[in-house]
Amino acid sequence: MLFNKKNRFSISEKQIKEEIKSPEGIIALRLNLRYPELKCPARDPLSVNAVPFYKRIAEGFADYARHELAPVAFAASKSEGFAPYSAVMTYEKCFDDEKYLSFFIDVSVSDGIEPPIIERKTQVWERKFGTKCRFVDFFEPKDACTIFEGVEKRAADRELFVMREGGLEFFIRKENRYEPIFASFEKISQKICK
């Protein structure tokens, strides 16, 4: 847990962990959702958007798993060789200073047989106003060509990035994994990050 006494900001981990059984009593679905819990004073700009953001994602994913994925898992649990389905959420804190806070979240679903399907979501929070940053907040639009040079156009998503020390890390989807591309602030023109 990170705790800064000066502004009373802290980050801890919350978890939703459940085993959902079919009507026959078989464990059909396992939920393991870990997400950051941000705590800050009510007047902190992050309290408006960032603080409730992660809880909403986790609760929404849990509701999806309980109400939409569970019935599919219940039906599959009647077949021979069944392995429980899973719904997993993990996160990583990528950057934290007085100006920015950045995370990525991976959510995945598995049928217990095939490898899980992973979806990554990224956030860079501007702490002064408590809003999420976009590509154009850091770079000129022309910089996308430099960052994604040699990357297949449909694989490039300039809004899928986190802040790291010294620059931004973009994620390019390759099959069922993400490959990082680091863009240093020193090498690319900037608009606001100095």
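In what follows, the structure referred to is the one given above.
All of these numbers come straight from a predicted model, not from anything done at the bench.

Student: Any chance you could break down the sheet that holds strand 10 (residues 177-184) for me, citing the residues and the numbers?
Tutor: One open sheet accounts for 3 strands, arranged 8-9-10; its pairing is antiparallel. Each edge of the open sheet carries a strand with a single partner, namely strand 8 (161-164) and strand 10. With direction set aside, neighbouring strand axes in the sheet form an average angle of 30°. Two elements, strand 9 (residues 167-174) and strand 10, share 8 bridges in a ladder whose sense is antiparallel.

Student: Please provide a residue-by-residue account of the environment of Ala50, values included.
Tutor: Among the secondary structure elements, Ala50 is positioned in helix 1 (residues 46-76). Accessibility expressed as a relative area gives 0% for Ala50, which makes it buried. Once residues within four sequence positions are removed from consideration, Ala50 is found in contact with Leu38 and Trp125.

Student: Report on the nonpolar core, specifying residues and quantitative values.
Tutor: The nonpolar side chains of a soluble globular protein tend to be buried, and buried together. Counting residues in hydrophobic clusters, the biggest one holds 32 residues, and the most contacted among them are Leu29, Leu31, Leu38, Tyr54, Met89 and Leu101. Contributing elements (two or more residues each) for this core: strand 2 (9-21), strand 3 (27-39), helix 1, strand 4 (85-96) and strand 5 (100-110). The greatest single-element share of this core, amounting to 12 residues, is contributed by helix 1. Phe161, Met163, Phe170 and Ile172 belong to the second largest nonpolar core, which has 18 residues in total.

Student: Go over the packing of aromatic side chains, please, and point to the residues and values.
Tutor: Summed over all chains, the structure comprises 12 aromatic pairs. Measuring from ring centre to ring centre gives 6.2 Å for Phe61 and Tyr64, while their planes differ by 5°; the resulting arrangement is stacked. Separated by 3 residues within a single helix, Phe61 and Tyr64 lie in helix 1, roughly one turn from each other. Relative to Phe138, the ring of Tyr100 has its centre 5.6 Å away and its plane inclined at 50°; by these criteria the two rings are tilted. Here Tyr100 is found in strand 5, whereas its partner Phe138 is found in the loop between strand 7 (131-132) and helix 2 (143-147), with 38 residues between them in sequence. Like Tyr100, the residue Phe138 is buried in the burial classification. Ring pairs connect the aromatic residues Phe53, Tyr54, Tyr91, Phe103 and Trp125, which therefore count as one cluster.

Rules used throughout
Residues numbered from 1 in each chain as written. Predicted model: local features only at pLDDT ≥ 70, side-chain atom pairs only at ≥ 80, totals over all residues. Heavy atoms only, no water. Pairing = 2+ DSSP bridges. Helix = DSSP H or I, 4+ residues; strand = E, 2+ residues; numbered from the N terminus. Axes fitted to C-alpha atoms, helices over the stretch in contact; angles between N-to-C directions. Buried < 20%, exposed > 50% of the residue type's maximum accessible area, 1.4 Å probe, protein only. Contact = heavy atoms within 4.5 Å. Core = buried A, V, L, I, M, F, W, Y, C linked by side-chain atoms within 4.5 Å. Phe/Tyr/Trp six-rings, centres within 6.5 Å; stacked < 30°, edge-to-face > 60°.

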